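# A look at the structure
The primary structure of each chain is shown beneath.
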Amino acid sequence: MNRGILVDEYLQTNIPDVFAAGDCVELRQPNAGRRAIEAIWYTGRMMGETAANNILGAVSGAKSPVRYNPGIWFNSAKFFDIEYQVYGDIRAQLPEDQATLYWEHPGGKKSIRLNYDKASGRILGFNLMGVRYRHEVCDKWIARGTPVEEVLQQLGLANFDPEFYPQHESELVALYNRQTGKSLKLKQKRGLDAVLAFLR
Amino acid sequence: MEESISLATPNPTLTSGKQKIALALAGLGVLLLLVVWAAGNAFAPVPVLSASLGLICAGVWLFVREEYLTRPEGIKNNGVWFKSLSARGIWGWLAAIIITGFYTVLYFFPENWLTGLTALFSPVSQGLRGKPADKWFVYGSLYTLSVLVLGVKFMYKYRHNRYQLIRTVSVMFFQTGFSFLIPAFLQVMNEPEYYFTYFWPLKDYYGSPGAVQYYGHATSLSVYFIAFSALMTFVGTPVLTYFFGKRWYCSWVCGCGGLAETAGDPFRHLSDKSLNAWKIERWMIHSVLVAVVLLTGLLWLNSWQQGGVLGKFSQAYSTAYGYVLGMAFSGVVGVGFYPLMGSRVWCRFGCPQAAILGIFQKKKSKFRITANGGQCISCGNCSTYCEMGIDVRHYAQRGQDVVRASCVGCGICAAVCPRGVLRLEGAGSDIDQRTEQLRTVHIRLEDVKILS
């Protein structure tokens with residue numbers, strides 16, 4: 001025990017065959033950039049799956065144990081009636097080496113933030129209020145370190161808002177152009193066929 | 001009563017004083033209709049009808065303003081499991097009995113049981129069609145009125161959601177235009193009455209030799225009516241369902257769907273989500289499809305053989321189909337059971353059109369409801385508010401796209417999801433693999449062994 005129940009990367013405690021999962025857990029060796037205690041719903045679910053596998057499969061010898069790997073950070077919530085999503089690394093204070101693109105709808109109930117690495121332009125994270133983005137698309141961009149300018153031009157791939165909802169991606173591109181003096185164009189609008197081709 | 005400090009207060013105020021007054025006004029309007037019905041006399045049709053409809057509209061309007069406009073936009077289903085009307089309480093049962101009773105009289109009793117109401121609606125009928133109202137005109141008027149008034153209510157409830165707004169305008173438009181005004185105008189123009197938004201097999205008559213014979217010769221135009229129906233049955237249905245799924249009809253156009261989506265909205269959570277209900281649903285809906293195919297086949301065979309094959313039997317079979325399915329099931333049970341079994345009893349368990357659309361949707365359609373990565377938190381709102389009784393959460397939890405024959409594409413699951421997990425959409429490149437991916441399941445059942 002420390003601040004939580006200490007577990008190894010297989011979610012096993014120091015007592016053999018005793019596992020822990022969920023909000024009570026403190027990881028001895030969290031993945032790079034992740035915290036030892038991450039008490040949110042989604043990590044709890046992923047830990048549950050890992051721990052169940054390691055109890056049912058590994059202990060009985062049917063399968064080698066699986067490491068707990070939560071992948072790229074994501075979370076979502078709803079504040080009153082405004083939905084919130086985050087994909088990737090978005091800090092409360094913007095680190096020195098990061099840049100940010102922040103767009104807000106005039107109505108005040110929608111906003112999109114893209115954080116990226118200043119030097120290389122690699123996309124680092126998405127923060128969304130009142131707008132839905134597609135988890136797998138954002139995940140793939142972040143995992144690949146896709147340059148922010150490519151992300152912006154393809155941004156329609158990420159849009160997960162219901163049909164007939166206005167698409168704001170071109171406004172983000174325009175904002176980026178204003179701030180940097182570039183002249184990028186949005187090449188991809190919302191659409192599942194393009195998403196499937198991208199994810200394949 | 002002690003004041004609870006729980007966030008989920010166990011003693012919520014469900015209906016405010018103002019709302020009770022509003023409901024009383026609307027109730028008074030309905031009561032006026034019931035009095036006219038019971039008395040068999042409309043007294044002074046124009047003032048009485050105006051008063052009744054005025055009271056209903058005003059009551060619903062006041063209720064809606066108080067219910068939705070006093071709070072921020074967003075879906076408000078607070079207390080649906082506690083309110084008597086929407087939780088199979090006394091008011092729910094009473095509503096079910098009144099609606100079932102009305103439909104029973106409408107379908108199975110002689111016309112003179114409704115003389116009060118037909119007299120009441122006659123001025124409207126005279127204005128629209130140039131002849132007095134019959135019971136079907138009364139029914140059509142009340143039906144359209146329900147779709148319009150409660151459609152407006154629905155639009156206030158979901159006013160933040162453009163998909164819901166546009167879809168509701170669509171069902172209101174098709175009900176008013178294609179199921180009410182156009183059939184009336186056709187009669188004024190000496191054309192036979194026709195409903196362009198109903199096709200075989202839901203409207204089994206339009207596929208029968210009798211209809212082809214009649215509309216083929218009635219007027220110079222009417223042959224195109226029946227040709228349009230045939231085109232919709234054989235070409236329109238598969239093509240539109242390929243592109244948009246079943247929703248192009250069931251939740252955007254169909255009149256039965258229109259009433260379910262508007263008047264039926266407060267009851268959508270009452271649909272049975274159990275696996276057994278799903279099994280019964282598949283047996284029933286496909287049996288009805290077989291029954292209607294048999295019916296139409298028999299009628300054509302008979303017409304071709306000049307009544308030589310099973311002439312009397314096919315007549316009796318046709319009559320029985322009309323009574324049991326056309327009237328008792330789609331009418332009496334279909335609407336009367338809204339407050340008991342949810343708004344889509346007929347659509348889910350009986351409609352042969354839904355059965356065919358469902359087969360196309362499942363086998364060859366771009367449509368699916370996509371689950372967004374690993375975002376589902378298993379709250380179950382999607383399953384609760386699915387009027388077709390689909391356990392949407394089962395799919396969302398495992399990150400699996402939803403492809404179900406019964407899904408009418410109303411989009412409420414996506415609207416009530418607190419994490420924006422679900423999206424109705426379409427793509428042509430993966431039709432046969434729509435449901436294969438399980439985004440959040442990494443360990444298969446075969447990989448693990450349960451310790452004994």
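Residue positions within a chain follow its written sequence, with the count starting from 1. A letter from A marks each chain and a number from 1 marks each ligand, given out in the order of writing. Totals for whole chains, interfaces and linings use every residue, but because this is a predicted model, local features are given only for residues with pLDDT of at least 70 and side-chain atom pairs only at 80 or more, for both listing and counting. Computation of side-chain values: all heavy atoms of the structure, hydrogens and water removed.

## Topic: the overall build of chain A
A run of DSSP states H or I qualifies as a helix once it reaches four residues; a run of E qualifies as a strand once it reaches two. Both are numbered from the N-terminal end. Looking only at helices and strands, one finds 5 helices and 7 strands in chain A. Written out in order from the N terminus, the α and β elements of chain A read β-β-α-β-β-β-β-β-α-α-α-α. Each principal axis of the C-alpha distribution contributes one length, and for chain A these read about 60 × 40 × 35 Å. Only protein chains enter the accessibility calculation, which uses a 1.4 Å probe; a residue whose area is less than 20% of its type maximum is buried, one above 50% is exposed, and one in between is partly exposed. Classification of the 200 residues of chain A by burial places 47% in the buried group. Any two residues having at least one pair of non-hydrogen atoms within 4.5 Å are treated as being in contact. Residue pairs at least 24 apart in sequence account for 50% of intrachain contacts in chain A once pairs closer than 6 positions are excluded. Surface accessibility of chain A: about 10000 Å² in total, with carbon and sulfur atoms responsible for 51%. In this tally, Asp and Glu contribute negative charge and Lys and Arg positive charge; neither His nor the terminal groups of the chain are included. Charge positions are represented by NZ for Lys, CZ for Arg, CG for Asp and CD for Glu. Placing the 25 positive and 23 negative side-chain charges of chain A at their respective mean positions leaves the two points 4 Å apart. Using the Shrake-Rupley algorithm and a 1.4 Å probe, accessible areas are obtained, with residue cover drawn only from the displayed protein chains.

## Observations regarding the packing of aromatic side chains
A ring pair, where both rings are aromatic, is described by two values, the distance of the centres and the angle of the planes. Stacked, tilted and edge-to-face are the three classes assigned to paired rings of Phe, Tyr and Trp, where Trp is represented by its six-membered ring and a pair needs centres within 6.5 Å; plane angles under 30 degrees give stacked, over 60 edge-to-face, the rest tilted. Under the criterion given, the structure shown has 43 aromatic pairs over all chains. Of the aromatic side chains, those joined through ring pairs into one cluster are Y194, F196, F199, Y205, Y206, Y214, Y215, F225, F228, W248 and Y249 of chain B. Sitting over the ring of F198 of chain A, K140 of chain A keeps its end group 5.0 Å from the ring centre. Here, over-ring charges are defined by two tests on the NZ atom of lysine or the CZ atom of arginine: distance to the ring centre within 6 Å, and angle to the ring normal within 35 degrees. The ring of W278 of chain B carries R282 of chain B above its face, with NZ or CZ at 4.5 Å from the centroid.

## A closer look at the domain arrangement of chain A
When cut into domains, chain A gives domain 1 (5-58) and domain 2 (74-199). In this document the domain limits rely on a domain assignment from an automatic tool or a database. Computed over C-alpha atoms, the centres of domain 1 of chain A and domain 2 of chain A are 30 Å apart.

## Considerations on a positive patch on the surface
All names here are of chain B. Patches here: salt-bridge-free residues with over 30% relative accessible area, like charges joined within 9 Å, nonpolar side chains (Val, Leu, Ile, Met, Phe, Trp, Tyr) joined within 5 Å. Any carboxyl oxygen of Asp or Glu within 4 Å of a side-chain nitrogen of Lys or Arg constitutes a salt bridge here. Taken together, the side chains of K279, R282, K362 and K363 make up a positively charged region of the molecular surface. Elements represented by at least two residues in the positive patch include exactly α11 (275-304) and α15 (352-363). Here K362 lies in helix α15. K362 gets classed as partly exposed once you look at its relative accessible area, which sits at 48%.

## Some words on the interface of chain A and chain B
With 37 residues of chain A in contact, the opposing surface of chain B contributes 46 residues. When two parts are put together, the accessible area they lose, computed with a 1.4 Å probe and summed over both, is reported as buried area. Counting each side, the surface lost to burial between chain A and chain B is near 3500 Å², with a carbon and sulfur contribution of 49%. When residues of chain A are sorted by the area they lose upon contact with chain B, F160, E163 and F164 of chain A head the list and together hold 18% of the total. The tally of links between chain A and chain B comes to 4 salt bridges. Between E163 of chain A and R247 of chain B there is a salt bridge, with the nearest N and O atoms lying 2.8 Å from each other. Whenever a nitrogen or oxygen atom comes within 3.5 Å of another N or O atom, the pair is scored as a polar contact, on the condition that within protein one atom can donate a hydrogen and the other can accept it, and that pairs from neighbouring residues in sequence are kept only if both atoms are in side chains. Our count for the chain A to chain B interface comes out at 19 residue pairs in polar contact (both at pLDDT 80 or more). Going through the elements one at a time, α1 (41-58), β3 (74-79), β4 (82-88), α2 (135-144) and α5 (192-199) of chain A are the ones with two or more residues in the side of chain A that touches chain B. Top element by residues in the side of chain A that touches chain B is α1 of chain A. It accounts for 8 residues. Residues of the side of chain A that touches chain B, tallied by class, amount to 16 nonpolar, 7 polar and 14 charged. Following the grouping adopted for this structure description, the nonpolar residues are Ala, Val, Leu, Ile, Met, Phe, Trp, Tyr, Cys and Pro, the charged ones are Asp, Glu, Lys and Arg, and the polar ones are all others, Gly among them.

## A word on empty space enclosed by the protein
Residue and element names in this part refer to chain B. In the cavity and pocket records, a cavity denotes points on a 1 Å grid over the protein atoms alone where a 1.4 Å probe fits but cannot get out, a pocket denotes an open set with protein on both sides within 12 Å along at least 5 of 7 lines, and lining residues are residues with an atom within 4 Å of a point. Grid points are joined across faces, edges and corners, and a volume is the space filled by probe spheres set on the points. For the structure shown, the criterion picks out 5 cavities of 30 Å³ or more. Taken as a whole, the largest cavity encloses approximately 100 Å³ of empty space. In this structure, the largest cavity is lined by 14 residues; those nearest its centre are I369, C386, C407, C410 and C413. Among the residues making up the lining of the largest cavity, the classes are represented as 11 nonpolar, 2 polar and 1 charged.

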